[in-house]
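# Fold and contact review
Residues per chain are reported as follows:
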Amino acid sequence: MGPLLNVSNVEIMYHPFILVIKNLSLSVEKGSITCLIGPNGAGKTTLLKAVSGVIKYERGRVTRGSIQLEGEDITNREPDEIARRGVIYVMEGRRIFKELTTEENLVSVAYAAGASRDDIRSVLSYFPRLKERLGEKAGNLSGGEQQMLAIAMALLYRPKLLMLDEPSLGLAPKITSQIYATIKMLHREEGLTILLAEQNARKALEISDYGYVIENGRIVLEGSAEELRLDKDVAEFYLGMG
Ligand code: ATP
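Residues numbered from 1 in each chain as written. Predicted model: local features only at pLDDT ≥ 70, side-chain atom pairs only at ≥ 80, totals over all residues. Heavy atoms only, no water.

## Re the sheet that holds strand β3 (residues 33-37)
Strand pairing within a sheet occurs via backbone hydrogen bonds; the two strands may be parallel or antiparallel. One open sheet holds the six strands; their spatial order is β6-β7-β8-β3-β9-β10, and the pairing between them is mixed. Taken across any chain shown, the strands that pair with only one partner, and hence form the sheet edges, are β6 (87-90) and β10 (218-224). On average, each strand axis in the sheet is inclined to that of its neighbour by 15 degrees, with strand direction left out of account. Bridging between β6 and strand β7 (residues 161-165) involves four bridges; their strand directions are parallel. Looking at β7, one finds that isoleucine 88 is bridged to leucine 162. Along the sheet face, helix α6 (residues 143-155) touches β6 and β7 and points at about 170 degrees away from the line of β6. Contacts from helix α7 (residues 173-190) reach β3, β7 and β8 (193-198), with the element oriented near 155 degrees to β8. (Pairing = 2+ DSSP bridges. Helix = DSSP H or I, 4+ residues; strand = E, 2+ residues; numbered from the N terminus. Axes fitted to C-alpha atoms, helices over the stretch in contact; angles between N-to-C directions. Contact = heavy atoms within 4.5 Å.)

## Digging into the site of the ligand
Taken together, 15 residues are adjacent to the ligand, and Asn40, Gly41, Gly43, Thr45 and Thr46 come closest. With respect to the ligand, the side chain of tyrosine 14 contributes an N or O atom lying 3.4 Å from a nitrogen atom. Within the backbone of threonine 45, an N or O atom sits 2.6 Å from an oxygen atom of the ligand. Here the ligand has 630 Å² of accessible area as a free molecule, and 67% of this is covered by the chains. (Near = heavy atom within 4 Å. Polar contact = N/O pair within 3.5 Å; in protein donor to acceptor, adjacent residues only side chain to side chain. Areas by Shrake-Rupley, 256 points an atom, 1.4 Å probe, with all protein chains shown as cover.)

Rendered as structure tokens:
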């Protein structure tokens, strides 16, 4: 069987001719955590937006190559079709309904996703802190709690592929570690397949099986997380060990 997600020789442009991703290929094996690491502006978010289809809302599109999910072409498909096929994208910056309570956020997504109260309960078992904050307005949650809520909401869709965009953004190291421990646990216990975009290479490589380094819209290096951790350039430029 081939990979769950296969991005093949993809070029991505924003209107009118802003070329951001240049001939990029990557794949995500079923059951793996795969990370895409690279500096700010390298194109990580653009790639995830193209896979999920939401890039069309920013007048961007795949102009060459193809994106396949389980061997089926999803290139430039509608975002709701891609989500229905099981690709769920947790955007950078935690898109939650800030005026609603934690519970209302979960219930409204459960409704849209066809998930039950039991599903909410089982998702919440991974997020004990959220359980204590069910009645709180989401806007009053801490950054880490909001990130947990965004992930919990995504899980209610029972994703085949969960794409997380910079889950550590703006969070203190201790909170980042908690989020990462939760992601790892979800992967282990639910067999979730995850594609993770991160500037925080150290954290991402700690939990990933395989990784890609993206710079300026191109993959410059790929390998097992172990290989990347031991790579001299990765250590110097991304792990601050130069
Ligand atoms: P970050 O860590 O900031 O999210 P990133 O690696 O995810 O960085 P992108 O956000 O994908 O990078 O941005 C890649 C490039 O695409 C940048 O040069 C950015 O200016 C450009 N870009 C992003 N969104 C748009 C848009 N809607 N229209 C035009 N150019 C864009």
